[in-house]
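This is what each chain is made of:
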Amino acid sequence: MFDIGFSEVFVIAIVALIVLGPERLPKAARFAGLWVRRARAQWYSVKSELERELADDELKRSLRQAQDDLRSAQQQLRDGDRALREGVDDLNRRVAGTGAVAAAADDAAAAPRDPAALEDEALGDGASNGAASDRATAYAAPAHAAADTAHAEPSHLDYSGASQPDYRPSTAQTPNDERR
């Protein structure tokens, strides 16, 4: 710190012995030692306080970084959850739509056929009159209309009558959700 060598300390001791004398020198040495100890204690106190503050600042910085990392991970999980829910909803809509198309096809197959069309098929000549083809088109129209309505987006999502189970995650709040 001050770079004082042995020779300088020896010169100071000789001068102090000459100036103070042999009676007051031990008392002055104790007094000087006391002040040196106080100065060292003060220096160590300041040094340890500064080190604690630096450690506290670094700890605070690391805590902020960890909080930021947790927030970003939480946001990623929310985004993933949202995308997953949208995918499940889309899949459920598709499954419900496919079920409606299959039901419409079953209804069309079970519908009574036009007798004139049956006669034309029975003749097998490939030629049919216009009235018979108009009647066949009229009978086929409901199945086609049902297929068009199956692809339309529902105005509200009602999964209560769906033939497939609903695999969407629960929306019930947990105690952790209340803290947000």
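Residues numbered from 1 in each chain as written. Predicted model: local features only at pLDDT ≥ 70, side-chain atom pairs only at ≥ 80, totals over all residues. Heavy atoms only, no water.

### Brief notes about the overall build of the chain
At step 1: Secondary structure summary: the chain contains four helices and zero strands in total.
At step 2: Its helices and strands in sequence order give the chain the pattern α-α-α-α, from N to C terminus.
At step 3: Within the chain, the fraction of its 180 residues that count as buried is 7%.
At step 4: Across the chain, contacts joining residues at least 24 apart in sequence account for 64% of those joining residues at least 6 apart.
At step 5: Accessible surface, the chain: about 15200 Å² in total, of which carbon and sulfur atoms supply 59%. (Helix = DSSP H or I, 4+ residues; strand = E, 2+ residues; numbered from the N terminus. Buried < 20%, exposed > 50% of the residue type's maximum accessible area, 1.4 Å probe, protein only. Contact = heavy atoms within 4.5 Å. Areas by Shrake-Rupley, 256 points an atom, 1.4 Å probe, with all protein chains shown as cover.)

### Description of the UniProt feature "transmembrane region" (unreviewed entry) in the chain
At step 1: When the UniProt feature table is mapped onto this chain, "transmembrane region" (unreviewed entry) is found at residues 6-22.
At step 2: Split by type, residues 6-22 is 100% helix and 0% strand. Its first and last C-alpha atoms lie 21 Å apart. (UniProt positions renumbered as here; feature names shortened; annotations may be inferred.)

### Some words on a negative patch on the surface
At step 1: A contiguous patch of negative charge, built from Glu49, Glu53, Asp56 and Asp57, is present on the exposed surface.
At step 2: Mapped onto the elements of the fold, Asp57 is located in helix 1 (residues 6-110). (Patch = residues over 30% accessible without salt bridge, like charges linked within 9 Å, V, L, I, M, F, W, Y side chains within 5 Å. Salt bridge = Lys/Arg side-chain N within 4 Å of Asp/Glu carboxyl O. Lys, Arg positive; Asp, Glu negative; His and termini not counted. Charge placed at Lys NZ, Arg CZ, Asp CG, Glu CD.)

### Thoughts on the packing of aromatic side chains
At step 1: A complete count under the given rule lists two aromatic pairs for this structure.
At step 2: Ring centres 6.4 Å apart and planes at 25° place the aromatic pair Phe6 and Phe10 in the stacked group. Of this pair, Phe6 and Phe10 both sit in helix 1, four residues apart, which is roughly one turn of that helix.
At step 3: Classification of Phe6 as exposed rests on a relative accessible area of 70%.
At step 4: Geometrically, the ring pair formed by Phe31 and Trp35 is edge-to-face, given 6.1 Å between the ring centres and 75° between the ring planes. Highlighted residues: Phe31 and Trp35, both in helix 1, separated by four residues, approximately one helical turn.
At step 5: Take Trp35: its relative accessible area is 47%, and that puts it in the partly exposed class.
At step 6: Looking at Arg38, its charged tip hangs above the ring of Trp35, at a distance of 5.3 Å from the centre. (Phe/Tyr/Trp six-rings, centres within 6.5 Å; stacked < 30°, edge-to-face > 60°. Lys NZ or Arg CZ within 6 Å of the ring centre and 35° of its normal.)

### Concerning the confidence of the model for the chain
At step 1: Per-residue pLDDT for the chain averages 75, and the proportion of residues at 70 or more is 57%.
At step 2: Between the elements of the chain, mean pLDDT differs from a low of 49, seen in helix 3 (residues 130-151), to a high of 90, seen in helix 1.
At step 3: Taken as a whole, residues 143-147 scores under 50 in pLDDT and shows three contacts with residues more than four places along the chain or in a different chain. (pLDDT = per-residue confidence, 0-100.)

### Details of the pattern of salt bridges
At step 1: Taken as a whole, this structure holds five salt bridges when the rule is applied.
At step 2: Across the pair Asp68 and Arg71 runs a salt bridge, and its minimum N-O distance is 3.6 Å. Of this pair, Asp68 and Arg71 are both found in helix 1, three residues apart, which corresponds to roughly one turn of the helix.
At step 3: Overall, Asp68 belongs to the partly exposed group, its relative accessible area being 43%.
At step 4: Residue Arg71 is classed as exposed on the basis of its relative accessible area of 52%.
At step 5: Between Arg94 and Asp90 there is a salt bridge, with the nearest N and O atoms lying 3.2 Å from each other. With a gap of four residues between them, Arg94 and Asp90 both fall in helix 1, about one helical turn apart.
At step 6: Judged by its relative accessible area of 30%, Asp90 falls in the partly exposed class.
At step 7: In the salt-bridge network here, residues are joined through shared partners; they are Asp90, Arg93 and Arg94.

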